[in-house]
Amino acid sequence: MSFTTLAQYAADLAAKKCSSVEIVQDCLTKINSANKSLNAFITITEEQALNAAKQADQQRAQGNAGPLSGIPIAHKDIFCTQGVKTTCGSKMLDNFIAPYDAQVVSLCNEAGLINVGKTNMDEFAMGSSNETSFYGPCKNPWNLECVPGGSSGGSAAVVAAGLVPASTGTDTGGSIRQPAAFCGLVGMKPTYGRISRWGMIAFASSLDQAGPLTHTAEDAALLLEVMSGFDNKDSTSINQPVPKYSQQLTTSLQGLKIGLPKEYFNNQLDPQMSVLLEEALTVFKKLGAQTKEISLPNTGLAAPAYYVIAPAECSSNLARFDGVRFGHRCGNPTSLDDLYKRSRSEGFGEEVKRRIMVGTYALSSGYYDAYYLKAQKIRQLIRQDFLAAFNEVDIIFAPTAPTPAFRFGEKSQDPIAMYLSDVFTIPVNLAGLPALSMPVGFINHPSPLRGEVGRGVQLPIGGQLIGRDFSEAQLLNAAHQYQLQTDWHLKTPEARTA
């Protein structure tokens, strides 16, 4: 199993070594074969993709093509795509065809990137394993018995399996970075407001942020350039120029100060993970970086605060799905009240219902101050912790997730255990900061899986780089310099995906 990066495809197209039609057809062939076992795509847009590839080749022949024109990409099924089903992984939107493109999709289209399909995801982005999808769980290409992470599990799986060079995802509490770690990819969660949320179906509006999933930091820089920018249709979009991230990957790391939060490096980590994270730091030190232990004292409060704020916002955002205007509608309602109740009961899965109930309770009269307001105050303390740390260091390095990918069913019956899968990523979302996960090695799954005799399975793990507001260029450069010295990002899965 092999893969080609965005940068390599761009170079090959520019050198006329291949055509866009050939690249897209090859990707579609692999997708149609592998998706039977991976279940990573909800919708495959074969006809539209091939038509777009022909147009891209014509534009390139006329000298009108951009550097990424004619290269395939996949979009998480949370982004509206005109004329294509957009489901959010839910029965509620199983019949919804978006009448417009999300801003992220529009920007990718303008850059000439070709959408080959919509990827599987946890329902309404609520989950850490892709097991809550109405369309069934997506599989991890590294081992088909393990989850790919969530909620952007499908977006991670299609890139890890070499089906497309890049994909889009969303990150509310770690939903780009955790799947990237589980699948051995680079996953970038930019500063809140860096990328427009217009047309991205909302889960928790003050936390949701789109970003790229790729094999390399270089590719993440290329795609982030495309996706970023001010959008007057989104009131949370930041009006700030977009740097040429891909042209800022050659800066020396000499003198870079890396903070190591003691709250992240604790006895919850697998000993093998601790060793590999220390080895990653050794690489940074050889490149001239310095390390310093720091403290983020309110880290332990992040998950409790998040699981008040996110469900509260979810409760509000999902109120629109009522069986009246669009989405699932129950059969033969006897009254308006019956229409609302049965449409929502039938349309939403168990995890979505759980979060709606928690959020509605937290926002209800008599509990708002005790729960939601207090959680927002904790959120400010967490942000202040990060800002204080950045007075001492330039970037922060930490594990992305406490474990490698776990097996299907291992945590699905224990919501708290599932929620703690994001314990290292949630603080960043609460603070609105940029962060990047990159592969830093492989460890053995603690026990053999089916088909494995007497040994565990090698699964990737990720290290997380966290930066100040709008420091994406610095994070991407640090990750790129690390990848020039290592080959973890070049490894490919051995799982059988065909």
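Thresholds applied
- Residues numbered from 1 in each chain as written.
- Predicted model: local features only at pLDDT ≥ 70, side-chain atom pairs only at ≥ 80, totals over all residues.
- Heavy atoms only, no water.
- 1 Å grid on protein atoms, 1.4 Å probe; cavity = no way out; pocket = protein on both sides within 12 Å on 5 of 7 lines; lining within 4 Å.
- Points joined across faces, edges and corners; volume = space filled by probe spheres on them.
- Nonpolar A, V, L, I, M, F, W, Y, C, P; charged D, E, K, R; others polar.
- Phe/Tyr/Trp six-rings, centres within 6.5 Å; stacked < 30°, edge-to-face > 60°.
- Helix = DSSP H or I, 4+ residues; strand = E, 2+ residues; numbered from the N terminus.
- Expected span 1.5 Å × (residues − 1).
- Buried < 20%, exposed > 50% of the residue type's maximum accessible area, 1.4 Å probe, protein only.
- Arc of directions from axis to C-beta.
- Contact = heavy atoms within 4.5 Å.

Topic: empty space enclosed by the protein
Tallied over the full model, the rule gives two cavities of 30 Å³ or more. In this model, the largest cavity occupies a volume close to 50 Å³. Lining the largest cavity are 13 residues, with A125, G127, S175, Y306 and D422 positioned closest to its centre. The class makeup of the residues in the lining of the largest cavity is five nonpolar, six polar and two charged. There is about 30 Å³ of room inside the second largest cavity. Looking at the lining of the second largest cavity residue by residue, the classes come out as five nonpolar, four polar and one charged.

Overview of the packing of aromatic side chains
All told, the structure shown has 19 aromatic pairs when counted by the stated rule. Measuring from centroid to centroid gives 6.2 Å for F284 and F397, while their planes differ by 65°, and the two rings are edge-to-face. With F284 in helix 8 (residues 271–286) and F397 in strand 9 (residues 395–399), this residue pair connects regions lying 113 residues apart in the sequence. What links up through ring pairs into an aromatic cluster is the set F96, F124, F321, F326 and F348.

A word on helix 3 (residues 46–61)
With 16 residues, helix 3 extends 23 Å between its outermost C-alpha atoms, agreeing within 8% with the 22 Å of an ideal straight helix rising 1.5 Å per residue. The set of residues buried in helix 3 consists of A49, L50, A53 and A56. Along the axis of helix 3, the buried residues cluster in a sector spanning 115°; they form a single face. The exposed set on the far side of helix 3, more than 90 degrees from its buried face, consists of E47 and Q58. If you follow the buried residues of helix 3, they end up packed against helix 2 (20–38) and strand 3 (114–119). Downstream of helix 3 by a residue or two, G63 has a phi angle that is positive, lying close to 80°.

Keep in mind that these numbers describe shape and distance, not what the molecule does.
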